[in-house]
Amino acid sequence: MSANPKVPRHIAIIMDGNGRWARQRGLPRIEGHRAGAESVRAAVHAAGEAGVKYLTLYAFSVENWRRPKQEVSGLMRLLVRYLRSEIDELDRNNVRLETIGRLEDLPKSAQRELEEARQRLSKNTGLTLIVALSYGGRTELVDAMRKIAGEVQAGRLRPEQIDEATISGALYTAKFPDPDLLIRTSGEMRLSNFLLWQTSYTEIWITPTLWPDFRKEDFLQALADYRKRERRFGGIEPT
Ligand code: FPP
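Criteria and thresholds
Residues numbered from 1 in each chain as written. Predicted model: local features only at pLDDT ≥ 70, side-chain atom pairs only at ≥ 80, totals over all residues. Heavy atoms only, no water. Helix = DSSP H or I, 4+ residues; strand = E, 2+ residues; numbered from the N terminus. Buried < 20%, exposed > 50% of the residue type's maximum accessible area, 1.4 Å probe, protein only. Areas by Shrake-Rupley, 256 points an atom, 1.4 Å probe, with all protein chains shown as cover. Lys, Arg positive; Asp, Glu negative; His and termini not counted. Charge placed at Lys NZ, Arg CZ, Asp CG, Glu CD. Pairing = 2+ DSSP bridges. Near = heavy atom within 4 Å. Polar contact = N/O pair within 3.5 Å; in protein donor to acceptor, adjacent residues only side chain to side chain. Nonpolar A, V, L, I, M, F, W, Y, C, P; charged D, E, K, R; others polar.

Caption draft 1: Main features of the overall build of the chain. Helices and strands together make up the secondary structure of the chain, namely seven helices and six strands. The order of helices and strands in the chain, counted from the N terminus, is β-α-α-β-α-β-α-β-α-α-β-β-α. Each principal axis of the C-alpha distribution contributes one length, and for the chain these read about 55 × 50 × 35 Å. For the chain, the proportion of its 239 residues judged to be buried stands at 47%. Accessible area for the chain stands at about 12,800 Å²; split by element, carbon and sulfur atoms hold 50% of it. One finds the centroid of the 38 positive side-chain charges in the chain at a distance of 3 Å from the centroid of its 32 negative side-chain charges.

Quick look at the structure:
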């Protein structure tokens, strides 16, 4: 595997700190998410410009359903509004759209909007924007295990044939490469059930910046830091 390529092919982002951003300003939490949607716009643009091929955004986790009803419905409306207002710009910028997670849990209106946007952008060849919705890393592994068990039960797969590629191929992310770089905002040092299998060798970059304040400069700083990393994938330094 080639060490330290200049630009990460796949960047995943845990967009954290919207609530704190709002609280610091005495605003309702949804205002933090609204401001966070601006940062999504900036990150998608910066990633496309930098030549990143895949950008995965953790927009709504399986755990997020436990938040107050009003915040959950506000987030769903925000997602629909973002898609409607950004679709032309995404298309102009040659962006494709994909989703990962239990999409069937989402309100029908959001599912419809996502599917329409996905189809409209499907011919594009630039950045693939992957939005994680009703996503959980453990849930994803459960779903993958069920799929594989079904194959075994149907006699199409023998247990001894199961290898890492079988598992990668049964995940929501089967079509995408593993992330090279994981960015997390607002200073928390945890994975929060995000891409548990896929981040085995991913470089992690954490910034204290709250997500609504995250802009192109922060993105470029993450890329600059990534360039300095030595990626060994468990091997030793080349001599
Ligand atoms: C985490 O902040 C953020 C979220 C749970 C939602 C992220 C959603 C957006 C940025 C809105 C739009 C998304 C798209 C793809 C258009 P938090 O609320 O957990 O913050 P806190 O930890 O400070 O409370």
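Caption draft 2: Local environment of the pairing of strand β6 (residues 203-206). Residues Glu 203 and Trp 205 of β6 are buried on one face, while the alternating residues Ile 204 and Ile 206, pointing to the opposite face, are not. Judged from the four bridges that link them, strand β5 (residues 181-184) and β6 form a sheet pairing that is parallel. Looking at the pairing, Leu 182 lines up with Ile 204 of β6.

Caption draft 3: Broad picture of the site of the ligand. Asp 16, Gly 19, Arg 20, Arg 29 and Arg 67 are the nearest of the 16 residues found near the ligand. Contact distances for the ligand include 2.8 Å between an oxygen atom and a side-chain N or O atom of Arg 29. Within the complex, the protein chains bury 91% of what would otherwise be the 630 Å² of accessible surface of the ligand. Looking at the shell around the ligand, the elements that each hand over two or more residues are α1 (18-24), α2 (29-50) and α3 (69-92). Split into classes, the residues belonging to the shell around the ligand amount to six nonpolar, six polar and four charged.

Caption draft 4: Here's a closer look at unusual backbone geometry. The phi angle at Ser 134 is positive, at roughly 45°, despite the residue not being glycine. Inspection of the secondary structure puts Ser 134 in strand β4 (residues 128-135). The buried category is assigned to Ser 134, whose relative accessible area is 1%. Positive phi values are uncommon outside glycine, yet Asn 193 reaches one of about 65°. Residue placement: Asn 193 occurs in the loop between β5 and β6. The exposure class of Asn 193 is buried, given its relative accessible area of 16%.

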